Number of protein chains: 2
Amino acid sequence: MVNAFNPANAENLDAGLRALLARRQKVLGPSYKLFYEEPVHLVRAEGVYMFDAQGNRYLDVYNNVPSVGHCHPHVVEAITKQVATLNTHTRYLHELILTYAEKLIGTFPPELSNVMFTCTGSETSDLALRVARNFTGATGIIVTETAYHGITSAVSEISPSLGEHVPLGQHVRTVPAPDSLRGEGADVGETFARNVQAAIDDLKRHGVKVAALIVDTIFSSDGVYADPAGFLAPAVDAIRRAGGVFIADEVQPGFGRTGDAMWGFQRHGVVPDLVIMGKPMGNGLPIAGMIAKPEVLQDFALRARYFNTFGGNPVCCAAGLAVLEVMENEQLMQNAKSVGSYMKQGLAELARQYTSIGQVRGAGFFIGVDLVKDQESHEPDPDFAIRLVNGLRKRFILIGASGPEGHVLKIRPPLPFSRQNAEHFLSAMEDALREESARQ
Amino acid sequence: MVNAFNPANAENLDAGLRALLARRQKVLGPSYKLFYEEPVHLVRAEGVYMFDAQGNRYLDVYNNVPSVGHCHPHVVEAITKQVATLNTHTRYLHELILTYAEKLIGTFPPELSNVMFTCTGSETSDLALRVARNFTGATGIIVTETAYHGITSAVSEISPSLGEHVPLGQHVRTVPAPDSLRGEGADVGETFARNVQAAIDDLKRHGVKVAALIVDTIFSSDGVYADPAGFLAPAVDAIRRAGGVFIADEVQPGFGRTGDAMWGFQRHGVVPDLVIMGKPMGNGLPIAGMIAKPEVLQDFALRARYFNTFGGNPVCCAAGLAVLEVMENEQLMQNAKSVGSYMKQGLAELARQYTSIGQVRGAGFFIGVDLVKDQESHEPDPDFAIRLVNGLRKRFILIGASGPEGHVLKIRPPLPFSRQNAEHFLSAMEDALREESARQ
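Residues numbered from 1 in each chain as written. Chains lettered and ligands numbered in written order. Predicted model: local features only at pLDDT ≥ 70, side-chain atom pairs only at ≥ 80, totals over all residues. Heavy atoms only, no water.

A. Structural detail: the overall build of chain A. Within chain A, the secondary structure is distributed over 12 helices and 15 strands. On C-alpha atoms alone, chain A measures out to a radius of gyration of 22 Å, which is about the 22 Å that the 2.2 N^0.38 rule sets for 440 residues. Across its three principal directions, the C-alpha atoms of chain A cover 60 × 55 × 45 Å. The 440 residues of chain A split such that 66% are buried. In chain A, 72% of the contacts between residues at least 6 apart in sequence involve partners at least 24 apart. A total accessible area of about 14,900 Å² is found for chain A, and carbon and sulfur atoms account for 48% of it. Here chain A carries 40 positive and 48 negative side-chain charges, and the mean point of each set is 4 Å from the other. (Helix = DSSP H or I, 4+ residues; strand = E, 2+ residues; numbered from the N terminus. Rg over C-alpha atoms; globule rule 2.2 N^0.38 Å. Buried < 20%, exposed > 50% of the residue type's maximum accessible area, 1.4 Å probe, protein only. Contact = heavy atoms within 4.5 Å. Areas by Shrake-Rupley, 256 points an atom, 1.4 Å probe, with all protein chains shown as cover. Lys, Arg positive; Asp, Glu negative; His and termini not counted. Charge placed at Lys NZ, Arg CZ, Asp CG, Glu CD.)

This is the structure in structure tokens:
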């Protein structure tokens with residue numbers, strides 16, 4: 001994992017942190033990793049700020065789950081009210097799920113008119129695979145080289161970012177991310193489509209019919225690739241020509257984060273067959289879902305029994321509805337666009353001063369800063385990325401890193417992040433860049 | 001699905017229900033099924049009661065998710081407080097997850113000392129499959145004939161209760177449920193173990209090494225099989241002799257429901273290698289988890305990256321901790337034992353009067369009433385089961401049905417169900433039995 005705390009360094013931490021680490025290790029075991037050279041022990045959060053046990057305030061430029069802001073009062077109130085009234089499942093009639101589903105579907109193109117609720121992005125990716133395979137009668141799946149779509153057995157088989165110890169399925173092919181910095185070919189969209197076509201052909205040569213192309217429409221784990229908007233269209237054409245469907249993974253770019261549109265695929269002028277959403281949907285409550293073209297879903301829905309105990313429960317739907325209301329009331333997508341663009345410009349200015357920055361990419365509040373060893377080879381510099389991430393943490397700013405080698409800073413604040421917050425971040429970023437560059 | 005509303009009968013319903021049905025069909029699509037000939041439109045719930053839009057009060061003898069009672073004030077308060085304070089993920093240090101994990105693990109035998117949090121039983125079953133296969137280096141899985149363990153791609157392959165349109169995996173074998181009414185062999189445990197051994201041998205003959213035996217320790221979807229306590233032990237021995245692990249699915253029997261013990265496997269005097277839990281864990285919030293022997297989990301946890309965004313978040317952990325506190329404070333396991341036993345006796349008395357009852361089975365607050373066409377053949381009578389379920393619904397009592405043909409009444413109230421509630425239920429049950437028997 002990028003930016004993981006190394007437990008071997010626990011002795012450098014204070015006694016309180018060491019005690020918590022020992023308790024974690026004992027009951028949670030080794031799957032549970034922590035961020036940062038010095039882990040952060042959090043006790044409360046509000047808006048774009050998080051607070052540790054010593055009362056230090058951190059500017060959150062990382063967490064996309066509490067998307068409308070940590071502990072947003074409107075969302076808290078909606079959850080509080082519903083949890084005291086009724087929390088049950090979808091085999092009884094309940095109106096709130098319908099009100100929410102209608103409002104959510106209203107943010108999509110009209111072809112996408114059915115929703116199925118689950119609890120996590122992983123469950124949703126898994127469901128989308130089942131539906132796509134049922135609809136196409138095929139099994140082949142195409143993903144990008146550092147894709148992450150979740151952690152069920154089936155989904156981990158299409159998530160190369162999980163690393164060499166989690167094998168890809170034999171019916172899975174990967175294509176290079178649409179990398180405009182290091183990729184070959186001048187036209188990103190044409191190159192990406194050509195690679196998808198080659199993957200289709202290779203599957204076919206192995207006797208595997210292709211069921212779906214699935215991409216995160218901002219390519220988060222691949223290192224953030226947003227531009228030029230529209231580049232996805234030729235690849236979507238290619239997958240459909242081969243009889244497959246296009247699945248848009250909107251877990252990261254969805255819910256207005258890109259600033260340009262509610263959903264990342266809309267920036268590319270395409271309409272997916274299935275859409276996966278999750279993380280920010282309930283501002284932290286476990287709710288996720290799949291939006292589908294009815295004709296793609298129909299046969300699966302009629303024949304395969306699918307019931308998700310907690311999926312679409314009234315409390316999670318209340319949270320989901322409140323999130324949409326806050327986004328409207330506070331014009332958060334517009335904020336992501338304007339402040340995100342201001343932030344990206346500020347970072348681009350830093351890129352002109354610091355040769356360690358190879359490229360600044362992204363849309364709205366999803367920005368990637370690609371760190372390189374030099375401006376000629378563009379060789380990734382993951383060590384420098386980690387030093388910056390930890391340098392910012394010392395300055396009470398939370399960000400992360402991503403990309404195949406962890407060399408891309410992942411800048412992804414809650415949506416109410418203001419212009420002042422952006423100035424605060426940019427100034428700390430410049431400071432950290434200066435200090436870490438001097439140590440090079 | 002057992003007890004599913006048939007949309008073709010919508011015209012018999014009042015205009016309000018018809019309007020809700022039309023909205024559901026439009027946005028949710030055909031996967032979403034409703035219970036009962038006349039669906040129930042719920043608006044609030046409290047303790048063991050649920051209320052519909054007309055203000056009718058229903059006695060809840062079905063819902064095991066709101067296990068400590070609908071909208072329990074202590075759980076509501078814990079959620080309300082935490083959701084306004086902090087909701088984040090496990091890559092920062094947070095104390096509540098540790099306090100909860102320690103208390104939860106304290107309810108297990110000492111060998112089972114690691115927990116991994118997820119959001120749903122399905123996610124947990126899927127994780128347990130990954131861990132079991134990683135530990136054993138094998139793929140074969142043995143389940144019961146009407147098992148249900150969840151709805152991911154991998155888990156639906158081991159869930160025969162999903163029906164013929166969801167194929168079992170080629171590495172999956174089923175064994176008959178430990179049926180003391182219709183099964184062959186006087187000794188349930190010996191018969192069950194013999195069947196498990198035959199499945200192991202058959203897998204081997206097909207070149208498949210067995211990874212795990214996984215059972216719901218009260219065999220809910222198979223029709224509720226609880227006795228004689230201890231019958232699981234020989235099958236667990238058999239799977240271990242073959243190099244496989246034993247996975248206890250405690251989603252249904254866990255959290256004190258059987259009255260005899262916190263976990264269903266404890267009634268059988270066995271210690272599983274992995275334990276799956278879910279539904280009642282957060283009284284309705286999506287939280288689930290896997291408890292593991294560290295040596296079984298270790299290699300997977302060290303090598304395969306596994307992170308669950310919402311799993312173990314502070315709000316869901318607060319709900320989980322509050323559930324354990326309420327169970328202690330209100331002695332709910334003891335209540336399940338005493339009132340459950342009273343209820344089972346009352347049902348056994350009805351069985352002496354009504355030949356349509358073939359057997360009353362179960363432990364604590366998980367009781368199955370097996371309905372038969374006659375006392376000689378014990379041929380299942382699913383039609384009569386559905387009539388009773390709907391007859392009780394007309395009497396404002398909510399129960400369900402289960403088993404391979406849906407002929408077993410599923411009686412599974414929230415744990416604070418009192419002796420008076422049991423009397424209320426038994427009296428309505430007698431009434432419904434009398435009326436429906438007269439119509440036979």
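The rest of the description comes next.
B. Up close: the environment of Q266(B). All names here are of chain B. Within the secondary structure layout, Q266 lies in the loop between β8 (245–249) and β9 (274–277). Distance from Q266 to G189, taken between C-alpha atoms, is 15 Å for residues 77 residues apart in sequence. In this structure, Q266 is in contact with T107, P109 and A261, ignoring residues within four places of it in sequence.

C. Region of the structure containing the relation of the copies chain A and chain B. Structural alignment of chain A on chain B gives an RMSD of 0.0 Å, achieved by rotating through 180° and translating 0.0 Å along the axis. On this basis, the relationship between the two copies can be described by a two-fold rotation axis. Relative to the rotation axis, the C-alpha of T80(A) is the closest in chain A, positioned 2.7 Å from it. (Least-squares fit on C-alpha atoms with pLDDT ≥ 70 in both.)

D. Summary view of the domain arrangement of chain A. Residues and elements named next belong to chain A. Considered domain by domain, chain A is made up of domain 1 (40–68 + 331–438) and domain 2 (73–329). Look at where the C-alpha atoms of domain 1 and domain 2 centre, and you get two points 25 Å apart. The partner domain 2 presents 33 residues to the 36 residues of domain 1 that form the contact. When domain 1 packs against domain 2, the two sides together hide about 2,600 Å² of surface, and 55% of this comes from carbon and sulfur. Three residues stand out in domain 1 for area buried against domain 2, namely V68, M333 and F366, and they jointly supply 24% of the buried area on that side. Taken together, the links from domain 1 to domain 2 amount to three salt bridges. (Domains from an automatic or database assignment. Buried area = accessible area lost by both parts, 1.4 Å probe. Salt bridge = Lys/Arg side-chain N within 4 Å of Asp/Glu carboxyl O.)

E. Quick peek at the packing of aromatic side chains. Using the criterion set out here, one finds 24 aromatic pairs over all chains in the structure. Where F35(A) meets Y92(B), the ring centres are 6.0 Å apart and the plane angle is 65°; that geometry is what we call edge-to-face. Here F35(A), found in the loop between α1 (15–28) and β1 (42–46), pairs with Y92(B), found in the loop between α2 (73–83) and α3 (95–105), and the two come from separate chains. Relative accessible area serves as the criterion here: at 6%, F35(A) is assigned to the buried category. For the pair F192(B) and F219(B), a centre-to-centre distance of 5.8 Å together with 85° between the ring planes defines the contact as edge-to-face. (Phe/Tyr/Trp six-rings, centres within 6.5 Å; stacked < 30°, edge-to-face > 60°.)

F. Examining the pairing of strand β2 (residues 49–52) of chain A more closely. Residues and elements named next belong to chain A. Along β2, one buried face is formed by Y49 and F51 and the opposite face, lined by M50 and D52, is buried too. Here β1 pairs with β2 via four bridges, running antiparallel. Across the sheet, L42 pairs through a bridge with D52, a residue of β2. With three bridges connecting them, β2 and strand β3 (residues 57–60) associate as antiparallel partners. By the bridge assignment for β3, Y49 is matched with L59. The hairpin formed by β2 and β3 contains four residues between the paired strands, and G55 there has a positive phi angle of roughly 90°. (Pairing = 2+ DSSP bridges.)

G. Broad picture of the interface of chain A and chain B. Taken together, the contact between chain A and chain B spans 92 residues of the former and 92 residues of the latter. Interface area for chain A against chain B, summed over the two sides, is near 8,600 Å², with a carbon-plus-sulfur share of 60%. Our enumeration of links across chain A and chain B arrives at four salt bridges. Across the salt bridge formed by E95(B) and R23(A), the nearest N and O atoms sit 2.9 Å from each other. Counting residues per element, the side of chain A that touches chain B draws most heavily on α1(A), which supplies eight residues. Across the side of chain A that touches chain B, the residue classes tally to 52 nonpolar, 26 polar and 14 charged. (Nonpolar A, V, L, I, M, F, W, Y, C, P; charged D, E, K, R; others polar.)

H. Representation of the sheet that holds strand β11 (residues 357–363) of chain A. All names here are of chain A. With respect to topology, four strands assemble into an open sheet ordered β11-β12-β15-β14, the strand pairing being antiparallel. Both outer strands of the open sheet, β11 and β14 (400–402), are each paired with one neighbouring strand and no more. Each strand of the sheet is rotated relative to its neighbour by a mean of 30°, with strand direction disregarded. Where strand β12 (residues 366–371) meets strand β15 (residues 408–411), four bridges bridge the pair, whose relative direction is antiparallel. Among the inter-strand pairings, G368 is bridged to a residue of β15, identified as K410. Its contacts with the sheet put helix α10 (residues 332–353) on β11, β12 and β15, and the angle it makes with β11 is roughly 175°. (Axes fitted to C-alpha atoms, helices over the stretch in contact; angles between N-to-C directions.)

I. Representation of unusual backbone geometry. Residue and element names in this part refer to chain A. Put simply, D227 and P228 share a cis peptide bond, and its omega is -5°. One can find P228 in the loop between β7 (210–216) and α7 (233–241). Positive phi, normally seen in glycine, also occurs at N3, with a value near 60°. Mapped onto the fold, N3 is located in the segment before α1.

J. Local environment of helix α11 (residues 382–394) of chain A. Residues and elements named next belong to chain A. The first and last C-alpha atoms of α11 sit 18 Å apart over 13 residues, in line with the 18 Å expected at 1.5 Å per residue. Looking only at α11, the buried set comprises F384, A385, R387, L388, V389, N390, G391, L392 and R393. Next to the buried residues of α11 lie β3, β12, β13 (397–398), β14, β15 and α12 (419–438). Where α11 terminates, the next one or two residues include F396, which has phi positive at roughly 65°. (Expected span 1.5 Å × (residues − 1).)

K. Broad picture of the packing of α1(A) against α3(B). Between α1(A) and α3(B), the shortest axis-to-axis distance is 10 Å and the interhelical angle comes to 40°. For the element pair α1(A) / α3(B), the angle class is oblique. Along this stretch, α1(A) crosses α3(B), giving a crossing that reads as left-handed. Residues L20(A), R23(A), R24(A), V27(A) and L28(A) of α1(A) lie in contact with α3(B), whose contacting residues are E95(B), I97(B), L98(B), T99(B), A101(B), E102(B) and I105(B). (Parallel < 35°, antiparallel > 145°, perpendicular 65-115°, else oblique. Left-handed = near helix turned anticlockwise from the far one by under 90°.)

L. Seen up close, the sheet that holds strand β13 (residues 397–398) of chain B. Here we have four strands laid out as an open sheet, ordered β1-β2-β3-β13 (chain B), and mixed in their pairing. Both edges of this open sheet fall to β1 (42–46) and β13 of chain B, since each of them pairs with a single strand only.

M. Focus on the nonpolar core. Counting 312 residues, the largest nonpolar core has L104(A), F117(A), F425(A), L104(B), F117(B) and F425(B) as its most contacted members. Dropping the residues within four chain positions of it, L104(B) is found in contact with V115(B), F117(B), F255(B), W263(B), M277(B), M281(B), I291(B) and L324(B). By size, the runner-up hydrophobic cluster in this structure holds six residues, among which are F310(A), V65(B), C119(B) and F310(B). (Core = buried A, V, L, I, M, F, W, Y, C linked by side-chain atoms within 4.5 Å.)

N. View of the environment of D60(A). Residues and elements named next belong to chain A. Structurally, D60 is set in strand β3. Beyond its immediate sequence surroundings of up to four residues, D60 is in contact with V48, M50, H70, L398, P413, P414 and F417. Only 2.9 Å separates the side chain of D60 from the backbone nitrogen of Y62, close enough to count as a polar contact. (Polar contact = N/O pair within 3.5 Å; in protein donor to acceptor, adjacent residues only side chain to side chain.)

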